[in-house]
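Examination of the molecular architecture
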Amino acid sequence: MAYLGPRLRPSRIFVPVVSAFRLLCSVGMNDMGLAMSRSSLEGLDFDNVALRKLPLDPSEEPGVRQVKGACFSRVKPQPLTKPRFVAVSHEALSLVGLSGDEVMDDPLGPEYLSGSRVMPGSEPAAHCYCGHQFGQFAGQLGDGAACYLGEVKAPPGQEPELLRENPNGRWEIQVKGAGMTPYSRQADGRKVLRSSIREFLCSEAMFFLGVPTTRAGSIVTSDSTVIRDVYYSGNACHEKCSVVLRIAPTFFRFGSFEIFKQADEFTGRQGPSYGRDEIRSQMMDYIIEMFYPEIQQNYPDRVERNVAFFREVMLRTARLVAQWQCIGFCHGVLNTDNMSILGLTMDYGPYGFMDRFDPDFICNASDNSGRYSYQAQPAICRWNLVKLAEALAPELPPDRAESVLDEYLDLYNGFYLQNMRKKLGLLTKEEPEDEMLITELLQTMHNTGADFTNTFRSLSHISCPSGGESEGEMDLVKKATELLLEQCASLEELKAANKPTMDPRELAMLLSMAQSNPALFQMISDRRTLSKQLDKLSRLKDLMETSQEELKNKQSEEWTQWITCYRKRLARELEGQSDVQAVQEQRVRVMDSTNPRVILRNYIAQNAIEAAENGDFSEVQRVLKVLEKPFSSQQGLELPAWMGRGGVSEQGERDEGEEQQQQQAASVSTARDPIPYDSKPPAWAHEICVT
């Protein structure tokens, strides 16, 4: 669909009092009623319970400060210049009873949903919390860019499933990027278009993939700008201030309870409300009463109630990370302040969906140690639960917390196997060998550089044997192998993937140091990092001595071996089944509704970002439509619409730096060939760096 320029909005006209009186006399009251029609956003039914039930910072002074003895601070969002919508999520806005079309057509919509104008009943505030960042206690953090607007009552008739997830019947709405708060530290409280688009799209993508998540209702951009150094390279430039509307039952997190932490033995920092144990009790009462009412009702004993609460948080966390692993999602910054107390995915920053399967996949270019790599996520989530347990003591007795944490690994493995069996179409039986079949699949994917999402999507095309060995068995296996070989990496791609990230001289120095001075080596590196670098070097050496034909033959052998085992397991699915055809059809249905056709790959987000930075928001809206139905093909939405024709610039003044940046982005985008949303990533995608 061609970009037709910005949507025309009704103008807001200010006229002198005398002129207004003449106008009133010249038109009927009905016409005046239409002219002064109320914004739907002014009718939201706010009930801001959190601010009534939890301690509020008495100071309203501007500027960054330590906030003691409070969970929230009142703030004043800073208005944007000429705010306008980039996109809205109709599904997310419906949670609070809003129509996406009405909001888009509302001339006040961009102002209200960016915090530039405060809605009636809204009480802007910022939440105080702490956190362990990359394993170290960072002290007070808090909402440095996010702003609580209030809690909106769910509209009558909201789906029972949604109300089960949100039993108090209120949705907290936030704007992210609305300016400074007491918790902004050295930052300016603003967000830019690229990060806002990534958060907006991924929040909604995860929901439609069936993963618990906070939601995003809209993105607003503006003519206000801030200076950002995207790659921390010294090349700073002006970027447009943008704001995401976020929606969730609550944004309380593990770090919310860390404000009571005593001085940390490593960093020396302590929580701003250390010693205020009565506030911890107050917070626990609030969280459990509002969001875990069944636990509140079923456990009259306070200690047993708190243990049951912690067990439920642990269970939800285990289930959540199992879902992440099964769709190849990597969060990127799993600090305790980014872990939801409700088991939701939250705070979308340098996340990434895995393309080629790699257990060591790191989506955050700032994560040099790989602490938050794909395969580390389950263990890191348990580590974060340990920190939550420490923060809840003495309300949660440490020995009881330890007993609960002992259940984590088995729960996680159970959720993971349950999801993986569905992805493989193993529905009628649960066999001990299934775990090995899954492990061997992932190992084969790793060895061959297979695309994670597309390989799983292809498995439903592998036929299920209906009898004994038939004459065409080898042909069927060969056909299935060829199907999966299409998703494997080329020789050049594997060489690039296995290139060590360390300079050879640095690697040689560390090897020497590990032998000659182990104590010094431990101070500047670790054996795990060194081992990974050496493994890459070994694989690269093997690849340098391999031809493309030899590689393909090896990949073919590995896949043939796995597919043969897989088909034997599928045959056992049919044992004792009277209607084989029905079982096979059900298998395909379940697999195709579990293994997505489309995920939000980095290059898809990047295409939408570059189009939007050139004034064309249609690709953001188009990608959202595609992500709303990730398991099916949508006619007319197979390819990006904007690719190949360049960006359409917005009208208005720009400084030379912004003009140059947009011209460069346009020239890059026009040079790329459009590829379908469900394709493996193009060659240029590996250059995308997210920090």
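Computed from a predicted model, the values in this text were never measured in an experiment.

Before going further, it helps to examine the pattern of salt bridges. Summed over all chains, the structure comprises 39 salt bridges. For the salt bridge of Lys261 with Asp264, the shortest nitrogen-to-oxygen distance reads 3.5 Å. For Glu545, the salt bridge identified is with Lys541, shortest N-O distance 3.4 Å. Like Lys541, Glu545 is exposed. A cluster of three or more residues bridged by salt bridges with shared partners is formed by Arg421, Glu430, Glu431, Asp434, Arg569, Arg572 and Glu573.

The final tally for this structure, using the stated rule, is six cavities of 30 Å³ or more. Counted as a void, the largest cavity has a volume near 60 Å³. Lining the largest cavity are Thr317, Leu320, Trp324, His331, Asn338, Met339, Ser340, Gly343, Leu344, Thr345 and Met346. Residues that form the lining of the largest cavity fall into these classes: five nonpolar, six polar and no charged. In this structure, the second largest cavity encloses a volume near 50 Å³. In terms of lining, the second largest cavity is formed by Cys326, Ile327, Lys423, Phe452, Thr453, Phe456, Asn595, Pro596 and Ile599. Listing elements by their share of the lining of the second largest cavity, those giving two or more residues are helix H11 (302-327) and helix H16 (452-458). With three residues, H16 is the single largest residue contributor to the lining of the second largest cavity. In the lining of the second largest cavity, the residues fall into six nonpolar, two polar and one charged.

Turning our eyes to something else, we now look at the pairing of strand S4 (residues 130-133). For a regular strand, the rule is simple: side chains alternate between the two faces of the sheet. In the sheet, S4 pairs with strand S5 (residues 136-140) via three bridges, with the strands oriented antiparallel. The residue of S5 that forms the bridge with Cys130 is Gln140.

Now for the confidence of the model for the protein chain. For the protein chain, per-residue confidence averages 90 on the pLDDT scale, and residues scoring 70 or more make up 90% of the total. Confidence drops under pLDDT 50 across residues 644-670; counting only partners more than four residues distant or on other chains, this segment forms 37 contacts.

Right, let's get into a negative patch on the surface. On the surface, a cluster of negative charge is contributed by Glu91, Glu159, Glu161 and Glu165. Looking at the element boundaries, Glu165 is found in helix H7 (residues 160-165). Accessibility expressed as a relative area gives 47% for Glu165, which makes it partly exposed.

This part takes up a nonpolar patch on the surface. Residues Met509, Leu520, Met523 and Ile524 make up a contiguous nonpolar surface patch of roughly 420 Å² in combined accessible area. Tracing the chain through its elements places Met523 in helix H20 (residues 518-524).

We now examine helix H21 (residues 527-544). The terminal C-alpha atoms of H21, which comprises 18 residues, lie 26 Å apart, in line with the 26 Å expected from a rise of 1.5 Å per residue. Those residues of H21 lying buried are Leu530, Gln533, Leu540 and Leu543. Down the axis of H21, the buried side of the element spans an arc of 145°, and every buried residue falls inside it. Of the surrounding elements, those touching the buried residues of H21 are helix H18 (491-497), helix H19 (504-516), H20 and helix H22 (548-573).

Reading the values: the criteria
- Residues numbered from 1 in each chain as written.
- Predicted model: local features only at pLDDT ≥ 70, side-chain atom pairs only at ≥ 80, totals over all residues.
- Heavy atoms only, no water.
- Salt bridge = Lys/Arg side-chain N within 4 Å of Asp/Glu carboxyl O.
- Buried < 20%, exposed > 50% of the residue type's maximum accessible area, 1.4 Å probe, protein only.
- 1 Å grid on protein atoms, 1.4 Å probe; cavity = no way out; pocket = protein on both sides within 12 Å on 5 of 7 lines; lining within 4 Å.
- Points joined across faces, edges and corners; volume = space filled by probe spheres on them.
- Nonpolar A, V, L, I, M, F, W, Y, C, P; charged D, E, K, R; others polar.
- Helix = DSSP H or I, 4+ residues; strand = E, 2+ residues; numbered from the N terminus.
- Pairing = 2+ DSSP bridges.
- pLDDT = per-residue confidence, 0-100.
- Contact = heavy atoms within 4.5 Å.
- Patch = residues over 30% accessible without salt bridge, like charges linked within 9 Å, V, L, I, M, F, W, Y side chains within 5 Å.
- Areas by Shrake-Rupley, 256 points an atom, 1.4 Å probe, with all protein chains shown as cover.
- Lys, Arg positive; Asp, Glu negative; His and termini not counted.
- Charge placed at Lys NZ, Arg CZ, Asp CG, Glu CD.
- Expected span 1.5 Å × (residues − 1).
- Arc of directions from axis to C-beta.

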